[in-house]
Each structure stands twice: as structure tokens, then as C-alpha cells.
Amino acid sequence: MGRMGKKYRAALAQIEPGRLYALADAVPLIKRMAYARFDETVEVTMVLGVDPRKADQMVRGTVILPNGLGKTKRVVVIAAGEKQSEAQTAGADEVGGEDFVERIKGGWLDFDVLIATPDMMKSVGALGKILGPRGLMPNPKTGTVTFEVGKAVQEVKAGKVEFRVDKTGVVHVPVGRVSFSDEKLTENIRTLIEAVLRAKPSASKGRYVRAAYCGSTMGPAVPLASSEYHS
């Protein structure tokens, strides 16, 4: 880590060394420590005792946060026929078919989530090298490859987030904004943690969650008490 700024050091000094915080104490502290001039995102980081190199220990899923993320995601749907109308009615920002595949090939990536119907995946699959590295590739496991496009769009707009363990065994997920009330942030955090606990692979042995932290975009992470993520 590079040199810490004065504001970051001042925030860090508010965390008691060696203390593990219950959410009731962690959430207000995170909000007090936020010093950026913008409404910082609050994020949860969970260190898992899994080996993501093994397929049977992959941790991945989605969860709808009860209070959203404080930001409306831009959702694009690639479908055909009546499914296009269904997506538009549900609130998709843009809807198209093969023409959208060509737009993306040409460099268009002005969206946060891409949803596609299964019959369009033959064409969308060719975009893997473009969408994959950006985490935008539709996937049935996250509900973004489906014929229920209306439901999928509504869930994303309502605050649906994806979590996935990275190659180091860490899950890192946004759960709201500093401007949220303590109650709303706490509810979102608990919902996310519970979803990750439910996603525990049967092949995972020993301690599943080794540590968990919560913090804002610019502020230091607060270590959470194990009672908050006991599995």
C-alpha cells in the first residue's frame, strides 16, 4: 500500500487495534470515518477457506439487497420477438437483438448488466473475449441468461448483486452507500453475508469464512466479529 494520506490516517485511528466489531458498532463507525466529498460505496469483503481453483469449491451466486445499492444499474437486454417488449415493459434501458451484438463488437459497452435469452446466446457467446474480462457476460447461474427477461430486469433494478470468489479466495461485494441509514446498511450487509453462507460448497472443509471486513470506498476496512458470519 502506498503512503497513507492525513484523512485516511485519522480515520484508521478510530479503529481499535485488535478489536472485532459487531455490525451494530461497525456500521456507525464506517459512516463516521467516511471523508470523501462524494457518497462513498460501502463494501463487504469476506475471506473464504476454499480453493477456487477446484470447480467443486467455487462460490458464486446472486442476492437481492432489500434496500438496493443507491444507484440504478443500466440494464441492456438482447432478445427477440415478444421478449423484447417484455423487457421494455419491465424497465430495461435498451433492448435489441443481433444489432446489439454488432454494436458491442464495435466497442459499445455503455451498460452495467447484460441480460440475454437462451436462443440469443449463440450470437452473444461470440462476445466472450469482450464481455468476460469486464464481468458483463450473461450467465444462467446469475440469472442473466433466461427467458424470464421481465423478472430478471426487475430484480437487477431492485438491487440484485452478484458475488463470486476470486482466485485468492476472497469475495468482495458492494452493499450500499454511506448515506444509507444504519438500519438499511445493516440489513443489506446481513443479507449479503447470509447469501454467501448459503453458497458454501459441500466440498469445503474446515472453517468456511476465515475473516470478514466492511468499509467505504476511501476509508479503512473494519474487521467484523465472527459472530456476524458464523457458519
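The structure reproduced in this document is the subject of the present report.

Reading guide: rules and limits
Residues numbered from 1 in each chain as written. Predicted model: local features only at pLDDT ≥ 70, side-chain atom pairs only at ≥ 80, totals over all residues. Heavy atoms only, no water. Helix = DSSP H or I, 4+ residues; strand = E, 2+ residues; numbered from the N terminus. Expected span 1.5 Å × (residues − 1). Buried < 20%, exposed > 50% of the residue type's maximum accessible area, 1.4 Å probe, protein only. Contact = heavy atoms within 4.5 Å. Pairing = 2+ DSSP bridges. Axes fitted to C-alpha atoms, helices over the stretch in contact; angles between N-to-C directions. Core = buried A, V, L, I, M, F, W, Y, C linked by side-chain atoms within 4.5 Å. Salt bridge = Lys/Arg side-chain N within 4 Å of Asp/Glu carboxyl O. Polar contact = N/O pair within 3.5 Å; in protein donor to acceptor, adjacent residues only side chain to side chain. Lys, Arg positive; Asp, Glu negative; His and termini not counted. 1 Å grid on protein atoms, 1.4 Å probe; cavity = no way out; pocket = protein on both sides within 12 Å on 5 of 7 lines; lining within 4 Å. Points joined across faces, edges and corners; volume = space filled by probe spheres on them. Nonpolar A, V, L, I, M, F, W, Y, C, P; charged D, E, K, R; others polar.

1. Some remarks on helix α8 (residues 182–198)
Next, step 1: In a regular helix each residue adds 1.5 Å, so 17 residues correspond to 24 Å; α8 covers 24 Å between its end C-alpha atoms and thus fits that length.
Next, step 2: Where α8 is concerned, the buried positions are L185, T186, N188, I189, T191, L192, I193, A195, V196 and L197.
Next, step 3: Where α8 is buried, its residues meet α2 (23–33), β1 (41–48), β2 (60–64), β6 (160–164), β7 (170–177) and β8 (209–216).

2. Examining the sheet that holds strand β9 (residues 222–223)
Next, step 1: Taken together, the 4 strands give an open sheet; going across it, the order is β7-β1-β8-β9, and neighbouring strands pair in antiparallel fashion. Since the sheet does not close on itself, it has two edges, and those belong to β7 and β9, each with one partner.
Next, step 2: Note that β1 and β8 share 7 bridges and pair antiparallel. Looking across to β8, one finds that V42 is bridged to S216.
Next, step 3: Packing against the sheet, α8 makes contact with β1, β7 and β8, and its axis sits at approximately 155° to β7.

3. Structural notes on the nonpolar core
Next, step 1: Of all hydrophobic cores here, the largest spans 40 residues; its most connected members are M46, L48, F163 and L192.
Next, step 2: Examining the composition of this core, we find that 7 residues originate from one element, α8, more than from any other.
Next, step 3: If you look at the next biggest cluster of nonpolar residues, it comprises 16 residues, including F100, F111, L127 and L131.

4. Quick notes on the pattern of salt bridges
Next, step 1: Across all of its chains, the model carries 13 salt bridges by this definition.
Next, step 2: Measuring nitrogen to oxygen at the nearest pair gives 3.3 Å for the salt bridge that ties R103 to E94.
Next, step 3: One salt bridge connects K105 with E102, and the closest N-O pair in it is separated by 3.7 Å. With a gap of 3 residues between them, K105 and E102 both fall in helix α4 (residues 98–105), about one helical turn apart.
Next, step 4: Given the relative accessible area of 48%, E102 is considered partly exposed.
Next, step 5: In this structure, a network of salt bridges that share partners links the residues R74, E94, R103 and D110.

5. A closer look at the side chain of E228
Next, step 1: Inspection of the secondary structure assignment puts E228 in the segment after β9.
Next, step 2: Residue E228 is classed as buried on the basis of its relative accessible area of 14%.
Next, step 3: For E228, the side chain forms a polar contact with the side chain of R190, separated by 2.8 Å.
Next, step 4: Once residues lying within four places of it in the same chain are set aside, the contact partners of E228 are Y21, A22, L23, R190 and I193.

6. Overview of the side chain of R177
Next, step 1: The topology assignment puts R177 in strand β7.
Next, step 2: Here R177 sits buried without a salt bridge, and the closest side chain of opposite charge, D39, lies 4.9 Å off (N-O distance).
Next, step 3: Excluding residues that lie within four positions of it along the chain, R177 makes contacts with D39, E40, T41, V42, L69, G70, K71 and L185.

7. Some remarks on the pairing of β2
Next, step 1: A one-sided burial pattern is seen for β2, the buried positions being G61 and V63 and the unburied ones R60, T62 and I64.
Next, step 2: Pairing of β2 with β6, which is carried by 5 bridges, proceeds in the antiparallel orientation. By the bridge assignment for β6, I64 is matched with K160.

8. Structural notes on the sheet that holds strand β4 (residues 94–96)
Next, step 1: Read across the open sheet, the 3 strands follow the order β4-β3-β5; overall the sheet is parallel. The sheet terminates laterally at β4 and β5 (113–116), the two strands that pair on one side only. The mean inter-strand angle of the sheet, taken between neighbouring strand axes irrespective of direction, is 20°.
Next, step 2: In the sheet, strand β3 (residues 75–78) pairs with β5 via 4 bridges, with the strands oriented parallel. Bridging from a neighbouring strand, V76 pairs with L114 of β5.

9. Re the layout of surface pockets
Gaps between atoms show up when a probe of the same size as a water molecule is rolled over them.
Next, step 1: One number sums up the size of the largest pocket: a volume of about 810 Å³.
Next, step 2: As for the largest pocket, its lining consists of 28 residues, and the residues nearest its centre are K73, D112, V113, G135 and E162.
Next, step 3: Of all elements in the fold, only β2, β5, β6 and β7 reach the threshold of two or more residues within the lining of the largest pocket.
Next, step 4: In terms of residue class, the lining of the largest pocket is built from 11 nonpolar, 9 polar and 8 charged.

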